[in-house]
Amino acid sequence: DTGVSQNPRHKITKRGQNVTFRCDPISEHNRLYWYRQTLGQGPEFLTYFQNEAQLEKSRLLSDRFSAERPKGSFSTLEIQRTEQGDSAMYLCASSKDTSNQPQHFGDGTRLSIL
Amino acid sequence: GIQVEQSPPDLILQEGANSTLRCNFSDSVNNLQWFHQNPWGQLINLFYIPSGTKQNGRLSATTVATERYSLLYISSSQTTDSGVYFCAVPFLYNTDKLIFGTGTRLQVFP
């Protein structure tokens, strides 16, 4: 069990640029989640996948955000035309493919928009 | 959707002291997790405890689902316990989308 892996750990970019983050879940976990955490707040749900199917998206996920999990393994989260308000920690979690299983989180990607 | 509140918001302890953190939720749950977010931002699973009591070393947790609260006990606190403690429950019963509480920021001084 190698844990949930996220890359990069930190990303600094200029406003208006596109960024992409990657998440590799725990190998036997079919469910994958993305959350966003801003300073002083708890994580907020963005979206989740069961295998390659994206099952739910939050209202927080504007049309500049897109997430994929093409082969049901790793996932990517892309933000287009970044804005200063996108600065946050982006957390990925995974869980087994049955109800009411604990979610295990990666170390996150911290995004800073200049 | 469900509301989750934690208390106290801040806690300052001297090393060796004990503490109790509380998580109240507004509706029935079948899933509750406690997390510790360390000063480096890592979110670490402490307990998955929809009901009952569990213990792991100096930490234990109790969830009383019928009364809609959970407690996290930290005994003989250490400086490495510092950070923010979150509880999280599903947004709706039997769903996977987690709603996190407001958090308790713990500082343990030597």
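Note that this is a predicted model, so its numbers are computed, not measured. (Residues numbered from 1 in each chain as written. Chains lettered and ligands numbered in written order. Predicted model: local features only at pLDDT ≥ 70, side-chain atom pairs only at ≥ 80, totals over all residues. Heavy atoms only, no water.)

A. A look at the packing of aromatic side chains. All names here are of chain A. A complete count under the given rule lists ten aromatic pairs over all chains for this structure. Relative to F45, the ring of Y35 lies with its centre 5.9 Å away and its plane at 80°, an arrangement referred to as edge-to-face. Residue Y35 is located in strand β4 (residues 31–37), and its partner F45 is located in strand β5 (residues 44–50); the two are separated by ten residues in the primary sequence. Classification of Y35 as buried rests on a relative accessible area of 0%. (Phe/Tyr/Trp six-rings, centres within 6.5 Å; stacked < 30°, edge-to-face > 60°. Helix = DSSP H or I, 4+ residues; strand = E, 2+ residues; numbered from the N terminus. Buried < 20%, exposed > 50% of the residue type's maximum accessible area, 1.4 Å probe, protein only.)

B. Main features of the state of the cysteines. Throughout the structure, instances matching the rule amount to two disulfides over all chains. A sulfur-sulfur separation of 1.8 Å characterises the disulfide bridge that pairs C23 of chain A with C92 of chain A. Judged by the sign of its S-S torsion, about -70°, the bond between C23 of chain A and C92 of chain A is left-handed. With C23 of chain A in strand β3 (residues 19–24) and C92 of chain A in strand β9 (residues 88–95), this residue pair connects regions lying 69 residues apart in the sequence. Residue pairing for C23 of chain B: its cysteine sulfur links by disulfide to C87 of chain B, the two sulfurs lying 2.0 Å apart. Residues C23 of chain B and C87 of chain B share a disulfide whose torsion about the S-S bond is about 75°; that sign makes it right-handed. Of this pair, C23 of chain B sits in strand β3 (residues 19–25) while C87 of chain B sits in strand β9 (residues 83–90); the two residues are 64 residues apart in sequence, bridging distant segments of the chain. When sorted by exposure, C23 of chain B lands in the same class as C87 of chain B, which is buried. (Disulfide = S-S within 2.5 Å.)

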